[in-house]
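Structural overview
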Amino acid sequence: MIGEIIGLHHWFDSAPGRYLLTWEQERYDELVADIFGYHALQLGMPGLQALRGNRMPHRWLALGAGQLPLMQSVGAPAAQLLAEPVALPFAQASLDLVAMPHTLELSADPHAALREVQRVLVPEGRVVISGLNPWSLWGLHQRRARLYQRCGGGGRLYLPDVELIAPGRLRDWLRLLDFELDSISFGCYRPAVTTERWLQRHGWMDGLGPRWWPILGAAYVMVAIKRVHGMRLLEPLWRKAPKSAAVKAQVARLH
């Protein structure tokens, strides 16, 4: 697993990796800006500042033991916590927001990681998850390379050697844990090329992709809300202030 973590982080230094990381950073900045609360946590990926656009007073970056050597190489802020996604040092229902940039792809047990996030989130809390889309042009290129390798053809992988989780599969996992899908964004529609020059030449595909083939983006960012059945949110007291009774006017009668 440590080798996969290092491989993914090194891949983000390549031309397609930087292209994808730029898109993801923009999405996180946009999606977390209007999520309010007090406590937010980012799990892994120090090269991406998932909580940069959020205004909660308490924000932490938690890294597993395998990611600590990468801190200096990516020039990221120092980690405040040493924790694995499957065992978070937080009480039940104590966090308002959890960001998981490629966390599930690098987890030995993604189901357990999601269950742990469900445990620490408050009711109506948000989780923001990003991942690589196996049904994109990049994902198809990856599957073809793996097929060549199994057949002895020596195919070269385009993406890091991690398990890609399809958006539909992730949506089913979240539904089983009583999460409700709030939004999903797809991006990075350019083909699986390796140089900055060829990526720039196909920049026009990012303009047409969301309209003509939206679910085939190389990456996705999903926002889900933790729902608790039978729970009723309390409204602020000022909304429940009793209305003043109407005062009856005294009418003098002439006899």
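Note that this is a predicted model, so its numbers are computed, not measured.

1. A closer look at the nonpolar core
Generally speaking, soluble globular proteins have nonpolar side chains that are buried together. The biggest cluster of nonpolar side chains holds 34 residues, and the ones touching the most others in it are Phe12, Leu20, Tyr28, Leu97, Val128, Trp138 and Leu159. Where this core is concerned, the elements lending two or more residues are helix 1 (2–11), helix 2 (15–31), strand 4 (95–101), strand 5 (121–132) and strand 7 (219–226). Residue contributions to this core peak at six residues, all from helix 2. Those residues in contact with Trp138, other than ones at most four positions away along the chain, are Trp11, Pro16, Tyr19, Leu20, Tyr158, Leu159, Arg190, Pro191, Ala192 and Ala218.

2. Considerations on the pattern of salt bridges
Per the counting criterion, the structure on display carries eleven salt bridges. With its nearest N and O atoms 2.3 Å apart, the salt bridge here joins Arg227 to Glu124. Separated by 103 residues along the polypeptide, Arg227 in the segment after strand 7 and Glu124 in strand 5 bring together distant segments of the chain. Put simply, Glu124, Glu180 and Arg227 are held in one network by salt bridges that share partners.

3. Brief notes about the packing of aromatic side chains
Applying the stated criterion across every chain yields a total of six aromatic pairs. Ring geometry for Phe186 and Tyr220: centres 6.4 Å apart, planes at 55°, overall tilted. One end of the pair, Phe186, is in strand 6 (residues 179–187); the other, Tyr220, is in strand 7, with 34 residues separating them in the sequence. Note on Phe186: relative accessible area 18%, which makes it buried. One aromatic cluster in this structure is built from Trp11, Phe12, Tyr19, Trp138 and Tyr158.

4. Considerations on the side chain of His102
Mapped onto the fold, His102 is located in the loop between strand 4 and helix 4 (110–120). On the basis of relative accessible area, His102 is assigned to the buried category, the value being 0%. Contact partners of His102, with chain neighbours within four places excluded, come to Leu8, Phe12, Leu20, Glu24, Met45, Ser130, Gly131 and Leu132.

Cut-offs applied
Residues numbered from 1 in each chain as written. Predicted model: local features only at pLDDT ≥ 70, side-chain atom pairs only at ≥ 80, totals over all residues. Heavy atoms only, no water. Core = buried A, V, L, I, M, F, W, Y, C linked by side-chain atoms within 4.5 Å. Buried < 20%, exposed > 50% of the residue type's maximum accessible area, 1.4 Å probe, protein only. Helix = DSSP H or I, 4+ residues; strand = E, 2+ residues; numbered from the N terminus. Contact = heavy atoms within 4.5 Å. Salt bridge = Lys/Arg side-chain N within 4 Å of Asp/Glu carboxyl O. Phe/Tyr/Trp six-rings, centres within 6.5 Å; stacked < 30°, edge-to-face > 60°.

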